Amino acid sequence: MARGSFVSFEGIDGCGKSTHIRRLAEALEAEGLEVVLVRDPGTTRLSEAIRALLLDPANTDMAKECELLLYEAARAQLVAEIIEPALARGAWVLSDRFLDSTTAYQGGGRAISDRFITEANALGSLGLTPDLTLVFDLDVEEAARRRCADPDRIEREGDDFARSVREAYLALAASEAPRVRVIDASGTKGQTFALVRDAIEAYRAEPSHG
Ligand code: TMP
């Protein structure tokens, strides 16, 4: 059995990625492929419990190092319990966020050093890197307009924080091409989804994928 494909979806809060993940999952399932949808942090019982701690707006006292390690803890459980077994049986795993969120938010946003981020990500991901990562890029003001009315702890950080996160994503796309690709998310849902399809088809056209 060939190993599956692992695709992650990234971007600042309000970039609209979740809609496209579901749509892509439906398109791949219509081809008869097994698709496993996950969200990071979350999905498993333990990772959802950690997610609740991370996103609770009441936790204003959380140290940035605690935040970093909780994201990694949630991810390690998700990889061990769901992602690795799914890839081993040949499924497509579509993940709403993964380790690049830590680089962008805790590295770019919270200014934790690259050395700690790299080490923490290596442990929290159990050494797993996505085969393809799509970064949905949108300007910060437009993303703020698209976000839901009840912001979580991270969404409350404000526009300057979001700008640092966006810059970190764009830097990642430049340094980790072709794994990390930018999707312009400023158009209509239809236009953005067409870009997602193109990126997936380009990935599948590479030898040994698809
Ligand atoms: P979301 O699942 O609704 O996107 O919410 C997750 C939030 O957590 C979002 O604001 C991004 C943030 N986050 C980090 O700060 N670091 C991480 O490693 C991950 C996975 C998410």
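Higher on the page you've got the structure.
Cut-offs applied
- Residues numbered from 1 in each chain as written.
- Predicted model: local features only at pLDDT ≥ 70, side-chain atom pairs only at ≥ 80, totals over all residues.
- Heavy atoms only, no water.
- Helix = DSSP H or I, 4+ residues; strand = E, 2+ residues; numbered from the N terminus.
- Buried < 20%, exposed > 50% of the residue type's maximum accessible area, 1.4 Å probe, protein only.
- Phe/Tyr/Trp six-rings, centres within 6.5 Å; stacked < 30°, edge-to-face > 60°.
- Lys NZ or Arg CZ within 6 Å of the ring centre and 35° of its normal.
- Near = heavy atom within 4 Å.
- Polar contact = N/O pair within 3.5 Å; in protein donor to acceptor, adjacent residues only side chain to side chain.
- Areas by Shrake-Rupley, 256 points an atom, 1.4 Å probe, with all protein chains shown as cover.
- Contact = heavy atoms within 4.5 Å.
- Pairing = 2+ DSSP bridges.
- Axes fitted to C-alpha atoms, helices over the stretch in contact; angles between N-to-C directions.

Before we move on, can you summarise the environment of Ala-194 with the specific residues and values?
Among the secondary structure elements, Ala-194 is positioned in helix H8 (residues 189–205). The spatial distance from the C-alpha of Ala-194 to the C-alpha of Ile-183 is 9.9 Å, given a sequence separation of 11 residues.

Mind laying out the environment of Leu-46, listing which residues take part and the relevant values?
Following the sequence through the fold, Leu-46 ends up in helix H2 (residues 45–55). On the accessibility criterion, Leu-46 (40% relative accessible area) is partly exposed.

Can you tell me about the packing of aromatic side chains, naming the residues and giving the values?
Summed over the entire model, instances satisfying the criterion amount to five aromatic pairs. Ring plane angle 85 degrees and centroid distance 4.9 Å describe the contact between Phe-6 and Phe-98, whose orientation is recorded as edge-to-face. With a gap of 92 residues between them, Phe-6 in strand S1 (residues 5–11) and Phe-98 in the loop between strand S3 (92–96) and helix H4 (99–109) connect regions that are remote in the sequence. Accessibility expressed as a relative area gives 0% for Phe-6, which makes it buried. Joined through ring pairs, the aromatic side chains of Tyr-105, Phe-161 and Tyr-169 make up one cluster. The aromatic ring of Phe-116 is capped on one face by Arg-115, whose charged end is 4.7 Å from the ring centroid.

An account of the site of the ligand is requested, with residue identities and associated values reported.
Close to the ligand lie 14 residues; Asp-13, Tyr-71, Arg-97, Thr-102 and Gln-106 are nearest. Note that an oxygen atom of the ligand is positioned 2.6 Å from one of the side-chain N or O atoms of Arg-97. Within the complex, the protein chains bury 92% of what would otherwise be the 480 Å² of accessible surface of the ligand. Listed by contribution, the elements that provide at least two residues to the shell around the ligand are H2, helix H3 (64–88) and H4.

Residue-level account of the side chain of Thr-133, with values.
You can see Thr-133 is positioned in strand S4 (residues 132–137). Judged by its relative accessible area of 0%, Thr-133 falls in the buried class. A polar side-chain atom of Thr-133 sits 2.8 Å from a polar atom in the side chain of Arg-179. Residues in contact with Thr-133, not counting those within four places in the same chain, are Ser-8, Glu-10, Asp-100, Arg-179, Val-180 and Arg-181.

Got a sec to walk through the sheet that holds S3? Specific residues and values, please.
Pairing in this open sheet of five strands is parallel, and the strands run S2-S3-S1-S4-S5 from one edge to the other. In this open sheet, the two edge strands, each paired with only one partner strand, are strand S2 (35–39) and strand S5 (180–184). Direction aside, neighbouring strands of the sheet carry axes that sit 20 degrees apart on average. Strand direction decides the pairing type here: S4 and S5, joined by five bridges, are parallel. Pairing of Leu-134 across the sheet is with Arg-181, part of S5. H3 contacts S1, S2 and S3 of the sheet and is inclined by roughly 160 degrees relative to S2.

Explain the pairing of S3 to me, using residue names and the numbers behind them.
The buried count for S3 comes to five of five residues, which makes it a mostly enclosed element. Note that S1 and S3 share five bridges and pair parallel. Looking at the pairing, Ser-5 lines up with Trp-92 of S3.

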